[in-house]
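# Understanding the architecture of this molecule
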Amino acid sequence: MLEIFRRNLGVKVVSFLFAIIFWLFVLNQETPDKLLPEQTLTIPLVVSGLNQDMVVMTQLPLVLVRFQGINPSANIKNIYAVVDLSDGVPGESTYGIKVNAPQGTNVVDLQPANIKLKLDSVQEKTVPVQAIISGTPATDYQVGNLIIKPSAVNVRGPSSMVGTLDKVIVEVSVTGANETVQVSRPVSFRDKEGKPIFGPNPGLDILSAYPSSVDVIAPIIARELSSKMIPLKVTSTGTPAPGMELRELVPSPASVQVLGTPQALKEFDSVNIGPVNITNLAENKTFQIPIEQVTLPAGVSFLSGTTLSVIAQISPGPIRKSISQVAVKIHNIGEGLELEQPIPPVDIVIEGLSESVKDVKADQIQLWVDASGQAAGSYKEVKVFWQLPPGVTMPTTPQVNYNLKAVLENEPE
């Protein structure tokens, strides 16, 4: 048995050594994220504590850190530099940098240890959308008036950028088009010179828009035709349910684009749609209006894809309320005159929506008559002036009677 072990002993020793070396190599390959006992690393810098209404306007650098006594179980992915911006204010300030390192890992040096950052407050603003058309339509075609939905978006970002922003841009290509182009496109941000606006890190969006994209309709029409935006007018028939009233008829869209010869469009100023039947409606209702039911002048047509609708806004109608014993005053009595007796209080009726009328009391109503230019005598059925709470009216005008008499002077004793 011992003889067998001694055979090719040298070969066996060399093989054993190679096995140990290979095992160490594999062990090293399986733990690429482990830190060596001492080394210098370049790590990312992140911010913490930044108020959501603030934004950093400076590109964050990498930080060079030298470690000693590194925890052998530490993972390099868990090591990074932090700048605390909890007390950050708009403008430029210098802030200290700290290193997030695992327990047992010593930071000997870091460069930089401080950093000057510029912070800005966040602002929101509504700006219009402007479409830029690129390319040209097919031969004998042209681009009509563009329709952009929505026509404005809400932009959020650093106040130094948002404050000077007067529009956002959306780009639409009509190259070779011979029919209407309808697309949805993201908005972009450009300065007054038309150059793209970037933040400190060009790879990150510092401005945002809501909505972030808009729909654009670019009418492609024959060159001999013209386009025109025409407002919609709506009519109705019938009456709403008892106690309800028609507040408003709202066409959607408020205006439409039509095509036609210049002569046909010259005297064409509005499109009448409807009537919509609101009989016994007790709530809002949307009516879809087929375009084939809308009468247009000869030679005029709707833009392809046009849809029409009407919203009938129904709300509770006005109610009436009786109020008793409302005082009536008299103003501008002539010199040397007086009322023979006070004007008696009157009962009145007020009208308005329920929320405006229900809590009105007599002491909130002012009634008076004007005696300007009146002499002593009796006055019958004089119209009363009034001042009422907001949203309240009087369907009828009260009338009162009163007598004016001369003031008697005291005779000397």
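Attention here is on the structure that accompanies the text. Computed from a predicted model, the values in this text were never measured in an experiment. (Residues numbered from 1 in each chain as written. Predicted model: local features only at pLDDT ≥ 70, side-chain atom pairs only at ≥ 80, totals over all residues. Heavy atoms only, no water.)

In this section: the overall build of the protein chain. Helices and strands together make up the secondary structure of the protein chain, namely five helices and 31 strands. Within the protein chain, the fraction of its 413 residues that count as buried is 31%. Restricting to contacts in the protein chain with at least 6 residues of sequence separation, those with at least 24 account for 75%. For the protein chain, the accessible surface area stands at approximately 25,800 Å², while carbon and sulfur atoms represent 52% of it. (Helix = DSSP H or I, 4+ residues; strand = E, 2+ residues; numbered from the N terminus. Buried < 20%, exposed > 50% of the residue type's maximum accessible area, 1.4 Å probe, protein only. Contact = heavy atoms within 4.5 Å. Areas by Shrake-Rupley, 256 points an atom, 1.4 Å probe, with all protein chains shown as cover.)

A few words now on the pattern of salt bridges. Working definition: two side chains of opposite charge can pair if their charged atoms are close together. Applying the stated criterion across every chain, the model contains 10 salt bridges. Among the salt bridges present, the one from glutamate 338 reaches lysine 405, with a minimum N-O distance of 3.7 Å. Here the residue glutamate 338 occupies a position in strand S26 (residues 337-339), and lysine 405 occupies one in strand S31 (residues 399-406), the gap between them amounting to 67 residues. Given the relative accessible area of 33%, lysine 405 is considered partly exposed. One continuous salt-bridge network, built from bridges that share partners, spans Asp53, Glu124 and Arg156. (Salt bridge = Lys/Arg side-chain N within 4 Å of Asp/Glu carboxyl O.)

Right, let's get into unusual backbone geometry. The linkage connecting tyrosine 210 with the following residue, proline 211, adopts the cis geometry, with an omega of -5 degrees. The topology assignment puts proline 211 in the loop between strand S14 (208-210) and strand S15 (213-218). Here asparagine 280, not a glycine, exhibits a phi torsion of approximately 65 degrees, which is positive. As for its placement among the helices and strands, asparagine 280 is situated in the loop between strand S20 (271-277) and strand S21 (285-289). Positioned with a positive phi, asparagine 332 is a non-glycine residue whose angle comes to about 60 degrees. Within the secondary structure layout, asparagine 332 lies in the loop between strand S25 (328-331) and S26.

Attention now goes to the sheet that holds strand S18 (residues 244-252). The strand order S18-S23-S21 describes an open sheet built from three strands, whose pairing is antiparallel. Edge positions in the sheet fall to S18 and S21, since each has one partner strand and no second. Between one strand axis and the next, the sheet turns through 20 degrees on average, direction left out of account. Pairing between S18 and strand S23 (residues 308-316): eight bridges, direction antiparallel. Paired with leucine 249 across the strands is alanine 312, a residue of S23. (Pairing = 2+ DSSP bridges. Axes fitted to C-alpha atoms, helices over the stretch in contact; angles between N-to-C directions.)

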